[in-house]
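Secondary and tertiary structure notes
The chain contents come next:
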Amino acid sequence: MKFFIDTANLDQIREAQELGILDGVTTNPSLMAKEGITGRDNILKHYVDICNIVTGDVSAEVIATDFDNMVKEGEELASLHDQIIVKVPMIKDGVKAIKYFTDKGIPTNCTLVFSAGQALLAAKAGATYVSPFIGRLDDISTDGLNLIAEIRLIYDNYGFETQILAASVRHTMHIIDCAKLGADVMTGPLSSIEGLLKHPLTDIGLEKFLADYRKGN
Ligand code: G3P
């Protein structure tokens, strides 16, 4: 299972990278705005800064919603760095754009996916990643994890190579559940990843080991 961090915060990206388990980064326009990164040039530079910190895939989202401009923006994003994955929303022109990028060998991440049907279309268009937003489904009393299970079943039935990127992961238990269901990738905040570290018995055990060592040394 690949671990992506879902942020545009360079300090957090560095921290996750230093942990040695990071496979990539996802961003979106809201996460960029949260870090105060505005204006096309600054946004493009920020993507390059992120690519220079991590070794894996970095999703960069198109803003256009029509085919021609999605293609123009996506090609510009892809030319920034070979780690860039062009993130395209699940709308009609987005599906066409994903097919276009697939044919050109440009990797894509189909975002804002909330149903198995949308995930099927993304795979048919050849998306590298599909991003079902599990937290946002949970927010409206719909089981986000069930969507991961449905997409896994459908992709396995037909051997689709599109990787399931569980997005809108909010906490550590989402990661565990996505791993059980066979998601290929998860993207979440640093806190969700660091939550995997924690167990009180680890802390108690370590304290005892160190106390016993100190008795004899
Ligand atoms: O990866 C998608 C993500 O950025 C959305 O997360 O927490 O805003 O639903 P959230």
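Up top you'll find the structure we're talking about.
None of these values were measured; they are calculated from a predicted model. (Residues numbered from 1 in each chain as written. Predicted model: local features only at pLDDT ≥ 70, side-chain atom pairs only at ≥ 80, totals over all residues. Heavy atoms only, no water.)

Burial in helix α9 (residues 172–181) covers these residues: T172, H174, I175, D177 and C178. Packing partners of the buried residues in α9 comprise β1 (2–6), α7 (134–139), α8 (144–158), β7 (163–166), β8 (185–188) and α10 (190–194). Trailing α9 by a residue or two, G182 shows a phi angle of about 85 degrees, which is positive. (Buried < 20%, exposed > 50% of the residue type's maximum accessible area, 1.4 Å probe, protein only. Helix = DSSP H or I, 4+ residues; strand = E, 2+ residues; numbered from the N terminus. Contact = heavy atoms within 4.5 Å.)

Because each turn of an α-helix spans 3.6 residues, side chains separated by three or four positions in sequence point in the same direction. The terminal C-alpha atoms of helix α5 (residues 92–104) lie 19 Å apart, and with 13 residues this matches the ideal 18 Å at 1.5 Å per residue to within 8%. Three or more residues of α5 are buried, namely G94, V95, A97, I98 and F101. For α5, the buried positions fall inside an angular range of 160 degrees around the axis, keeping them on one side. Residues K92 and D103 are exposed on α5 and point more than 90 degrees away from its buried face. (Expected span 1.5 Å × (residues − 1). Arc of directions from axis to C-beta.)

Another aspect to go through is a nonpolar patch on the surface. The grouping of M173, I176 and L196 at the surface amounts to a nonpolar patch, some 230 Å² of accessible area in total. Structurally, I176 is set in helix α9. (Patch = residues over 30% accessible without salt bridge, like charges linked within 9 Å, V, L, I, M, F, W, Y side chains within 5 Å. Areas by Shrake-Rupley, 256 points an atom, 1.4 Å probe, with all protein chains shown as cover. Salt bridge = Lys/Arg side-chain N within 4 Å of Asp/Glu carboxyl O.)

Moving on to the pattern of salt bridges. Evaluation of the coordinates by the stated rule reveals 13 salt bridges. A salt bridge links D49 to K45; the shortest N-O distance between them is 2.8 Å. Of this pair, D49 and K45 are both found in helix α3 (residues 40–53), 4 residues apart, which corresponds to roughly one turn of the helix. Note that D156 is salt-bridged to R152, the shortest N-O span being 3.2 Å. Within this pair, D156 and its partner R152 are both found in helix α8, separated by 4 residues, close to a single helical turn. With a relative accessible area of 52%, D156 lands in the exposed category. Salt bridges sharing common partners tie together R40, E73 and E76.

Time to look at the layout of surface pockets. Estimates place the volume of the largest pocket at around 390 Å³. D6, T7, N28, L31 and P189 are the residues nearest the centre of the largest pocket, which is lined by 23 residues in total. Those elements that place two or more of their residues in the lining of the largest pocket are α2 (29–34) and β5 (108–113). The greatest single-element share of the lining of the largest pocket, amounting to 3 residues, is contributed by α2. Residues that form the lining of the largest pocket fall into these classes: 6 nonpolar, 11 polar and 6 charged. (1 Å grid on protein atoms, 1.4 Å probe; cavity = no way out; pocket = protein on both sides within 12 Å on 5 of 7 lines; lining within 4 Å. Points joined across faces, edges and corners; volume = space filled by probe spheres on them. Nonpolar A, V, L, I, M, F, W, Y, C, P; charged D, E, K, R; others polar.)

These results come straight from atomic positions and should not be treated as a statement about function.
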